[in-house]
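An overview of the molecular structure
The lines below spell out each chain.
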2 protein chains.
Amino acid sequence: MPLTFFTPGPAQLYPTFEKHLQTFVTDQLGAISHRSQQYRNLHKFTVDQLRTLLNVPETHAIFFLGSASEAWERILFSCVELESFHLVNGSFSKKFYDYSNALNKYAHKLEKPMGQGFSASEIDVPEYAELIAVTHNETSSGVQMPVSEIHKLKQKNPDKLIAVDMVSAAPYPDLDYSLIDTAFFSVQKAFGLPAGLGVWIVSEKCLAKAQTIKKQYSIGAHNDLPTLWKNALNNETPATPNVMGIYLLGKIAEDFNAIGVQTIRKQTEQKAAAIYKFIDRTAGFTPFVKEKAFRSQTVIVTDIEQPSSDIIKAIKEKGMMIGSGYGEFKNSQLRIANFPATSAEEVEKLLFELGKV
Amino acid sequence: MPLTFFTPGPAQLYPTFEKHLQTFVTDQLGAISHRSQQYRNLHKFTVDQLRTLLNVPETHAIFFLGSASEAWERILFSCVELESFHLVNGSFSKKFYDYSNALNKYAHKLEKPMGQGFSASEIDVPEYAELIAVTHNETSSGVQMPVSEIHKLKQKNPDKLIAVDMVSAAPYPDLDYSLIDTAFFSVQKAFGLPAGLGVWIVSEKCLAKAQTIKKQYSIGAHNDLPTLWKNALNNETPATPNVMGIYLLGKIAEDFNAIGVQTIRKQTEQKAAAIYKFIDRTAGFTPFVKEKAFRSQTVIVTDIEQPSSDIIKAIKEKGMMIGSGYGEFKNSQLRIANFPATSAEEVEKLLFELGKV
């Protein structure tokens, strides 16, 4: 019996995945040259679909990397000569900060315990920080920074570049790219695809910054921003790309566009509301994130009284997979992904079974 | 009508690819957690199959990257504190050299025109170079450095690390890993898989070197060698990996092991001999690489009198795709891939049709 995955990534594959994969195979797209017009058309299709879906203006380019983690590194190489600033409240925002140190940049941070969120008003960005690194959705703790707060943060600091990690959320956050300089996500979360592809959205301002930094420091060699940009103008990539991943992403984005991104966002909120309502009302479950404004709509974390392994096992027997807590919370929390691939009916079934354990 | 691809990568998919892909889908492997035992088993299977196929000893780890180009960067970060040395005789060996400059290392090179090869006896490695970068098979020109010459080069320079680019050749070259410190390839060439995965083989000596360099310089942040190594001990990867690519690679490697790598190498040489014999004997075709010892067994390049576009078009009408020349040779050369995915019968059919154009 196939399982339904409510795990936070890799996650449930989107229902149309198999159909698109079959077309990829039948059309022999795995063998085409990445320097052919056929590839350039495929590449442009995916970029165009993402541009529509996420409302990305022509001031920003859209690139394909091996993973979102690679984007952390490329952003730091391209946008930070000396100092970066990071909002840290979980394992993934911490890793972005760690990457900056590993590249011998001076990394500042404002840190809060897991489960807590950030408002723009409480954030003072250090004077010499060139980049503000924000995690829209902390996959480890289920904390979300509201898009309005991210926008306010940039408005308070118009001279800094701002980078938004939306790995486990896109296309949910409705970012305003007249404010956001760079953002990135990976495909194994809300896009319901197998892992192996990161998407990096980058503004002309970041490109200019990279070109300035390059005069004095290395900005990396592989997938460096100016080379990515030059190739993207021709709908190509510097190295041989993950053609399968790029093709499938374009088709899923097209499916999302057919539904409409506003509808997808509304469905996400409705399903999230149902899950939080269940957690609030059910004995043995307590929402980990206390402040409602910071509760993630896409990765929902609950404290539990029973060991997570018992609940995960019982739910698996009913044909569903849910995630354990992260790190120290492995056994005392559950993480439930709420991505477009799982329907309201499937969420209802999950909550029904969770209510019985 | 499906085409047969003799293009040098992306290339013809291996005949068992579709079967393995179907299993991947049916078993829902695209949704499994990369921190689960199920993933660790899958990861270990692929590493073990590659270890057997390529005869990689336990002194060397096997890692998965986004592409072989990423391996260029990671090798330079990990194995070169200040100076590298590159044998350059085409576009891809040149890029390895360019990456070293882009990382602000001091890159030395010994350069020859495209079509010419290197012997160990003529190579003097600069005194302070820490790494010798060798391209076993130059995909742009069809020149191969015989494995025996690569081994001799290391024996002449036992105190230098040596890196072998075997992107468009593995599993053909029978490298002796008691001599070779690091090597890498990608899967869209001789393994007959869609692009999106690079494989990096690295010795404990490289790890020690990376740890030394790290005391003073950045060795990168994403997929840095010590972090890759630590995760690999647990059959995991630092970031979410391309599970589909890793699974498919393991299954193809298993298929190759069932045939036997010696048989695959012999079949490769027999098919290459047939192609070179055709080129030598047919009017309008002249082998680009004059010295037989340097002629690639996996990417065969021929000068042609007709424009390549005419020949490529005529051959496509017969259901086959061949590659044009690279760069300045685009129109005056053909590149014919000779990978395990194309059988002796298919090569015969190609040569029959090429003889008529």
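If you're wondering where the values come from, they're calculated on a predicted model, not measured in any experiment.

In terms of helices and strands, chain A carries 11 helices and 14 strands. Relative to its length of 357 residues, chain A is compact, with a C-alpha radius of gyration of 20 Å against a globular reference of 21 Å. Each principal axis of the C-alpha atoms in chain A carries an extent, and together these give about 60 × 55 × 30 Å. Put simply, chain A has 357 residues, and 66% of those count as buried. In chain A, 70% of the contacts between residues at least 6 apart in sequence involve partners at least 24 apart. When the accessible surface of chain A is summed, it comes to about 13300 Å², and 50% of that surface belongs to carbon and sulfur atoms. Averaging the positions of the 37 positive and the 38 negative side-chain charges in chain A gives two centres separated by 2 Å.

Here the focus is the UniProt feature "domain: Aminotransferase class V" (unreviewed entry) in chain A. Mapped onto the present numbering, the UniProt feature "domain: Aminotransferase class V" (unreviewed entry) falls at residues 127-326 of chain A. The annotated region residues 127-326 of chain A carries 38% helix and 20% strand content, and the separation between its end C-alpha atoms amounts to 34 Å.

What follows deals with the relation of the copies chain A and chain B. Under the fitted operation, chain A is carried onto chain B by 0.0 Å of movement along the axis and a turn of 180°, and the coordinates agree to an RMSD of 0.0 Å. Interpreted geometrically, this transformation is the action of a two-fold axis. Within chain A, the C-alpha atom positioned nearest to the axis of rotation is that of Gly66(A), 2.4 Å from it. Most of the interface of chain A is mirrored in chain B, where 98% of its interface residues again form contacts.

Another point: the interface of chain A and chain B. For interface size, the figure often reported is the accessible area lost on association. Contact with chain A, which involves 49 residues of that partner, is made by 48 residues of chain B. When chain A packs against chain B, close to 3500 Å² is buried across both sides, 60% of that on carbon and sulfur atoms. At the junction of chain A and chain B, the tally comes to 2 salt bridges. The salt bridge involving Glu73(A) is made with Arg74(B); its shortest N-O contact spans 2.7 Å. If you list the elements that add at least two residues to the side of chain A that touches chain B, you get α1 (17-26), α3 (68-79), α4 (91-102) and α8 (243-259) of chain A. Of the residues in the side of chain A that touches chain B, the class split is 25 nonpolar, 19 polar and 5 charged.

On to the side chain of Glu70(A). Along the chain, Glu70(A) turns up in helix α3. Beyond its immediate sequence surroundings of up to four residues, Glu70(A) is in contact with Leu65(A), His222(A), Asn223(A) and His222(B).

A word on the domain arrangement of chain A. All names here are of chain A. Parsing chain A into structural domains produces domain 1 (4-12 + 260-354) and domain 2 (17-258). Here the C-alpha centre of domain 2 lies 26 Å away from the C-alpha centre of domain 1. Across the contact, 28 residues belong to domain 1 and 29 residues belong to domain 2. Looking at the side of domain 1 facing domain 2, the largest losses of area belong to Arg265, Phe294 and Tyr326, adding up to 29% of the total buried there. Where domain 1 packs against domain 2, one counts 1 salt bridge. With its nearest N and O atoms 3.5 Å apart, the salt bridge here joins Asp174 to Arg265. There are 16 residue pairs in polar contact (both at pLDDT 80 or more) connecting domain 1 and domain 2. Listed by contribution, the elements that provide at least two residues to the side of domain 1 that touches domain 2 are α9 (261-281) and β12 (299-304).

Residue and element names in this part refer to chain A. Taken in spatial order, the 7 strands line up as β2-β10-β9-β8-β5-β3-β4 in an open sheet, and their pairing is mixed. Since the sheet does not close on itself, it has two edges, and those belong to β2 (60-65) and β4 (106-111), each with one partner. Neighbour to neighbour, the strand axes of the sheet diverge by 20° on average, direction disregarded. Of the strands in this sheet, β2, β3 (83-88), β5 (131-135), β8 (161-165), β9 (182-186) and β10 (198-203) are in contact with α3, which crosses β9 at around 165°.

Residues and elements named next belong to chain A. Look at α3 against helix α6 (residues 204-214): their axes get within 7 Å of each other, and the N-to-C directions meet at 65°. In terms of orientation, α3 and α6 fall into the roughly perpendicular class. Facing Phe77, Ser78 and Cys79 of α3, the residues of α6 in contact are Cys206, Lys209, Ala210 and Ile213. In terms of residue class, the contact of α3 with α6 is made up of 5 nonpolar, 1 polar and 1 charged.

Reading the values: the criteria
Residues numbered from 1 in each chain as written. Chains lettered and ligands numbered in written order. Predicted model: local features only at pLDDT ≥ 70, side-chain atom pairs only at ≥ 80, totals over all residues. Heavy atoms only, no water. Helix = DSSP H or I, 4+ residues; strand = E, 2+ residues; numbered from the N terminus. Rg over C-alpha atoms; globule rule 2.2 N^0.38 Å. Buried < 20%, exposed > 50% of the residue type's maximum accessible area, 1.4 Å probe, protein only. Contact = heavy atoms within 4.5 Å. Areas by Shrake-Rupley, 256 points an atom, 1.4 Å probe, with all protein chains shown as cover. Lys, Arg positive; Asp, Glu negative; His and termini not counted. Charge placed at Lys NZ, Arg CZ, Asp CG, Glu CD. UniProt positions renumbered as here; feature names shortened; annotations may be inferred. Least-squares fit on C-alpha atoms with pLDDT ≥ 70 in both. Buried area = accessible area lost by both parts, 1.4 Å probe. Salt bridge = Lys/Arg side-chain N within 4 Å of Asp/Glu carboxyl O. Nonpolar A, V, L, I, M, F, W, Y, C, P; charged D, E, K, R; others polar. Domains from an automatic or database assignment. Polar contact = N/O pair within 3.5 Å; in protein donor to acceptor, adjacent residues only side chain to side chain. Pairing = 2+ DSSP bridges. Axes fitted to C-alpha atoms, helices over the stretch in contact; angles between N-to-C directions. Parallel < 35°, antiparallel > 145°, perpendicular 65-115°, else oblique.

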